[in-house]
Amino acid sequence: MRMITRTRSLLLGAVAAAALAATGSSSSATAKTFTGTVGPGFTIGPAMHGNKVTKLKAGTAYRFVIRDRSSIHDFHLSGPGLNRVLTSVPFTGTKSFVLRKGSYRFVCDPHSGIMHGRFNVS
């Protein structure tokens, strides 16, 4: 019985170590993350470390995480090879995307007159 318990403990330890090693070497760990938020009020826009994003450096992988905090807004993003509503009007929650080099425009379609902006990945 001791042998089975000991073997099981060693096996669980090896699995845990492999899981930690895999998360440390993933490609998402090298990508820089910045966030886009929409709502709960009439606000929309990207930020990194609490600062408004208007330009990002070239040669860096960026992971764009959108936090949609209102069911009356959407987050529509247009840019290189992309023209898509990333979060729909009834959606609330978080989604993430990887962006390429280029100029991007974001807008909340139902409130496009007041909720819009631009940023560059160059």
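Further up the page is the structure itself.
These figures come from a predicted structure and were not determined experimentally.

Draft legend 1. Broad picture of the sheet that holds strand 10 (residues 116-121). Reading across the sheet, the five strands line up as 4-10-9-6-7 and stay open at both edges, with mixed pairing between neighbours. Two strands close off the open sheet at either side, each with one partner strand: strand 4 (55-56) and strand 7 (82-87). By the bridge criterion, six bridges tie strand 9 (residues 102-107) to strand 10 in an arrangement that is antiparallel. Within the sheet, the bridge partner assigned to Arg105 lies in strand 10 and is Arg118.

Draft legend 2. View of the pairing of strand 2 (residues 44-48). Among the five residues that make up strand 2, four are buried, leaving the element largely enclosed by the rest of the structure. Across four bridges, strand 1 (residues 32-38) lies against strand 2 in antiparallel orientation. Bridge pairing in strand 2 links Gly36 to Pro46. Where strand 1 folds back on strand 2, the antiparallel hairpin that results is connected by five residues, among which Gly39 adopts a positive phi of roughly 80°.

Draft legend 3. Seen up close, the packing of aromatic side chains. For the structure on display, the rule yields eight aromatic pairs. A centroid spacing of 5.7 Å and a plane angle of 80° characterise the contact between Phe34 and Phe119, whose relative ring orientation is edge-to-face. You can see Phe34 sitting in strand 1 and its partner Phe119 sitting in strand 10, a full 85 residues away along the chain. Judged by relative accessible area, Phe34 falls into the buried class, the value being 0%. On the accessibility criterion, Phe119 (1% relative accessible area) is buried. With centroids separated by 5.7 Å and ring planes inclined at 70°, the aromatic side chains of Phe64 and Phe75 adopt a geometry described as edge-to-face. Of the two residues, Phe64 is situated in strand 5 (residues 62-68) and Phe75 in strand 6 (residues 75-79); the sequence distance between them amounts to 11 residues. The same class applies to Phe64 and to Phe75, which are both buried. One aromatic cluster is present, formed by Phe34, Tyr62, Phe64, Phe75, Tyr104, Phe106 and Phe119 through successive ring pairs. One Lys or Arg, Lys95, reaches over the ring of Phe91 and ends 4.7 Å from the middle of that ring.

Draft legend 4. Molecular detail of the environment of Lys101. Among the structural elements, Lys101 can be located in the loop between strand 8 (93-99) and strand 9. Apart from residues lying up to four places away in sequence, Lys101 is in contact with Pro80, Val121 and Ser122.

Each value, and the rule that gives it
- Residues numbered from 1 in each chain as written.
- Predicted model: local features only at pLDDT ≥ 70, side-chain atom pairs only at ≥ 80, totals over all residues.
- Heavy atoms only, no water.
- Pairing = 2+ DSSP bridges.
- Helix = DSSP H or I, 4+ residues; strand = E, 2+ residues; numbered from the N terminus.
- Buried < 20%, exposed > 50% of the residue type's maximum accessible area, 1.4 Å probe, protein only.
- Phe/Tyr/Trp six-rings, centres within 6.5 Å; stacked < 30°, edge-to-face > 60°.
- Lys NZ or Arg CZ within 6 Å of the ring centre and 35° of its normal.
- Contact = heavy atoms within 4.5 Å.

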